[in-house]
Each structure stands twice: as structure tokens, then as C-alpha cells.
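Single-letter residue listing:
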Amino acid sequence: MARTLTATMRAVAVTPKQAGSARQVELPVPRVAAEMALMRVLEVGIDGTDTEINDGLYGEAPPGFDFLVIGHEALSIVESVGEGVDGFEPGDLVVSTVRRPDDCPNCRAGESDMCLFGNYTERGIKGAHGYMGEYYGESPAFMVKIPPSLRPFAVLLEPLSIVEKATYQAWKIQERMLWAPKRAVVLGAGPIGLLGTILLRLRGLEVHVYAKSPPESSQGRILSSLGASYRSVGDHPVTSIKDELGQIDVILEATGNSAVAFQAMAQLGTNGVLCLTGVSAGNRSIEIPADVINLQMVLGNRVTFGSVNANRRYFEMGVQHFQQAERQWPGIFQRLITRRVPFADFTSALDRRPEDIKTLLTIAAA
Ligand SMILES: [Zn+2]
């Protein structure tokens, strides 16, 4: 459908590195060029990255701009497609990936999440506008089609893709030996911890989640309906996990607390794998039981690895696991969406409240 060049749209932008600068901006609606699609945004998930960008900790404006449109977790609908776009048509539901490749060998192979040169951009984070506006332009290479039945919770696909990658990589690493994992520990009960628990339960593991919230919190109830145990670190410190549970085959660290990450290394069982997914923005130094960790890592063939971002392959895995998990635990993903905020109240959406799991900014009605 034709749009005039003067059509404008609302978006939420920050001045990078300036705390509390989130504001509404007016931008032209992107033109529908060849090989591109125009996306109309339905809703955007808020995560710690958005909050930290608005706190001025990081974020980078695109070339030629002094502001950055934030938002990297969006569910959108295809408004129109340019010439040469195959496989998508107006009305299709889409979640876009976040990272855009540079020309390193890994990016050229479709694995920009494993970028070597570091010159990638990330929509809504680093050098490219994000999705927290009424429209954005997109190349089909970065669009993942969403079956209509997933509409109520498909906005969770981007955070799900993060744990898809983390768990896939953990299992890939463990192909180094005969491995029949039984028990997993997840550290943190935010969206990444909860989505990670769902994937580990789908793989048939016993899962124990350690986090700060009290057991009677909504996180605790969600975890018990998944058949996972929930332990509050107030009563169950991370440093005594292996005494409580015994052999731990997999640990997923999803707190971003570097002290917890190093404590977790000393809790991992023989031949176990620890995946770190949380980033710590500070430059804190801590004291760690270095001899114990070194000895255990060597004598128990243990592995610790980090995992960031996700390429479209992991988004596609997420679409499959959404369907599989919904069959097993109907309504589980909608229970993770704890707050929906209208566009005009975007500043409230960027504030994190203790009872929040996932907050959504509603941009348009479906
Ligand atoms: Zn690269």
C-alpha cells in the first residue's frame, strides 16, 4: 500500500550514554524498498538491556543520528513487501533477529552471534535503530515467520533464542564424551532463567532453580507447574548447591552476577558443563577459591563457556519449542508476561519492578 514520504511515526529513543534520556521521537515511516519489508510493530518486550541503555551504561546511535531507537524484542506484522521479497506477505506475523553481520567469516556463514571482528550492529542496542516504534524496515534474511497460534506470546522468541543457543551449544560441547545428563541447576528466575528451565525440562532433565524471589512468588508457582524445584538463595546459598543436590550435570547461569558465576564453577559435577549467559557491566574484583576450582575443573573434565546473542537458526528452534512446550504445559508462556503497558507510558515500562517477569510495551492493537 502506498505511503507518502511525509508520513511520520512515533518511536522511543535514548541519547546513548545519557541516563534517563528515553523520550518519544517522530521519524519518517521507512519506505518500502526492493528486497525489503515494512513491519508494523504490535508489541515490544522490555529487558535488562533496555533498562541499562536508558541508565546510560551502553548503547550506540546509528551513523548520522544522535539518538538510538531502543527495543530488540518485537512481534510485528508485515504491512507491505517490496519487489523481490519471497516467502512473506502482508499480514504475516514476524519476529526479527537482533544482530546484523559484518564481513567476518562467521558472519558470512550466517553465524553473526559468533562474530570474530566485532563490527556487527545490533538493532536497538549498537549502531542500528531498534523496534520500539510504530514501523521498521526489514530484510527477509532477518525475519522469522510466526504461526498465528503463537501470537499471544511470540514476543518472547528473542529471549527464548538466547537459551536455545546456550542449551544447544552446551549439548554440542558435551558430544566430547558419553554423556547422559540427569540434573540441571538454573541460577536466576528472570525470563532467561525461566525460559531456560522450560528447555531443560523439554530435554527431560530434573531442574532446580536458585534465585532471590521468595518461593511463593509467581516465579515459584510457574516453576512448580513445570515440575522444577525453586529454592530461594536466602535459605539455600549457591555455595552449598552440590551438598544439597549431589551430581550436577548442567548449570545455566542467568543472573549476570559475576560472583555467582564463579561460585557456580565450584558446584558443577563431574564431566559437567556450565553456561554463562548474563553480562556484568561493572569491573568488580572478587575473591574466589581458585585452587579448588582449578583442581575440580581438571580432575572432573568440567567445562565453563559463555554464550551471547542468537542467529536465526536458534529463533527457528524456538518456534518449534514454543509449540512443543505449549502442548506439555498449556498457557505457560503467557504466564511469563506479567505487565502490558500502553505506548504513552513507556517510561513506566522501562522501570523494573520486583514482581515483573516480562513487561511488554503495546504499540498497536493486532
Ligand atoms: Zn562478524
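The numbering scheme is per chain: residues are counted from 1 as the chain's sequence reads. Note on the predicted model: pLDDT of at least 70 is required for a residue's local features to be given, and 80 or more for side-chain atom pairs to be given and counted; whole-chain, interface and lining totals, by contrast, use all residues.

**With respect to the packing of helix 3 (residues 157-173) against helix 9 (residues 312-328)**
Interaxial distance between helix 3 and helix 9 falls to 8 Å at its minimum, and their mutual angle equals 105°. Here helix 3 is positioned roughly perpendicular relative to helix 9, judged by the angle of their axes. Here L157, L160, S161, E164, K165 and Y168 of helix 3 lie close against helix 9, whose contacting residues are Y314, F315, M317, G318, V319 and H321. When grouped by side-chain class, the residues that make up the contact of helix 3 with helix 9 number seven nonpolar, three polar and two charged. Interaxial angle, 0 to 180 degrees, is taken between N-to-C directions of lines fitted to C-alpha atoms, where a helix line uses only the stretch in contact. Runs of E in the DSSP output that reach at least two residues are strands. Runs of H or I that reach at least four are helices, and both are numbered from the N terminus. Angles below 35 degrees are treated as roughly parallel, those above 145 as roughly antiparallel, those between 65 and 115 as roughly perpendicular, and all remaining angles as oblique. By the criterion used throughout, residues are in contact when their C-beta atoms, derived from the backbone, lie within 7 Å. All amino acids are sorted into three groups, where Ala, Val, Leu, Ile, Met, Phe, Trp, Tyr, Cys and Pro are nonpolar, Asp, Glu, Lys and Arg are charged, and the leftover types, Gly among them, are polar.

**A few points about the domain arrangement of the protein**
Under the domain assignment used here, the protein contains domain 1 (8-153 + 333-362) and domain 2 (161-306). For each domain, the first and last residues come from an automatic or database assignment. The distance between the C-alpha centroids of domain 1 and domain 2 comes to 29 Å. Along the lines of polarity and charge, the residues of the side of domain 1 that touches domain 2 split into three nonpolar, one polar and five charged.

**Points about unusual backbone geometry**
Negative phi characterises most residues that are not glycine, and trans characterises most peptide bonds. Of note, N271 is a non-glycine position whose phi angle comes to about 65°, a positive value. With respect to the helices and strands, the residue N271 is situated in the loop between helix 7 (258-265) and strand 16 (273-276). Counting other C-beta atoms within 10 Å of each residue's C-beta, where C-beta atoms are placed from the backbone, gives the exposure class: buried for 20 or more, exposed for 12 or fewer, partly exposed between. Judged by the 17 C-beta atoms lying within 10 Å of it, N271 falls in the partly exposed class. In this structure, N301 takes a positive phi of about 50° despite not being glycine. Inspection of the secondary structure assignment puts N301 in the loop between helix 8 (290-299) and strand 17 (303-306).

**Observations concerning the environment of E111**
You can see E111 is positioned in the loop between helix 2 (105-108) and strand 8 (121-123). Given 18 C-beta atoms within a 10 Å radius, E111 is considered partly exposed. The sequence separation of E111 and R99 amounts to twelve residues, and the corresponding C-alpha distance is 9.8 Å. Ignoring sequence-local partners within four residues, the contact set of E111 consists of N106 and N311.

**Considering helix 4 (residues 191-202)**
Because the α-helix completes a turn every 3.6 residues, residues three or four places apart line up on one side. In a regular helix each residue adds 1.5 Å, so twelve residues correspond to 16 Å; helix 4 covers 16 Å between its end C-alpha atoms and thus fits that length. Burial analysis of helix 4 places eleven of its twelve residues in the buried class, the great majority of the element. Taken residue by residue, helix 4 has P191, I192, G193, L194, L195, G196, T197, I198, L199, L200 and R201 as its buried positions. Remark: G204 follows helix 4 within two positions and exhibits a positive phi of approximately 85°. In this scheme, a helix's expected span is set at 1.5 Å multiplied by one less than its residue total.

**Considering the pairing of strand 13 (residues 206-211)**
Within strand 13, five of the six residues are buried, which leaves it mostly tucked inside the rest of the structure. One ladder, built from five bridges, connects strand 12 (residues 183-187) with strand 13; its direction is parallel. Within the sheet, the bridge partner assigned to V185 lies in strand 13 and is H208. Look down the strands so they point away from you; if going from the first strand over the helix to the second traces a clockwise path, that crossover is right-handed. For the crossover that starts at strand 12, traverses helix 4 and ends in the parallel strand 13, the hand is right-handed. Relative to strand 14 (residues 229-232), strand 13 is paired through four bridges, and the arrangement is parallel. Of the residues in strand 14, the one forming a bridge with A211 is S232. In this view, the connection linking strand 13 to its parallel neighbour strand 14 by way of helix 5 (residues 218-225) has right-handed handedness. Whether two strands pair comes down to DSSP finding at least two bridges between them.

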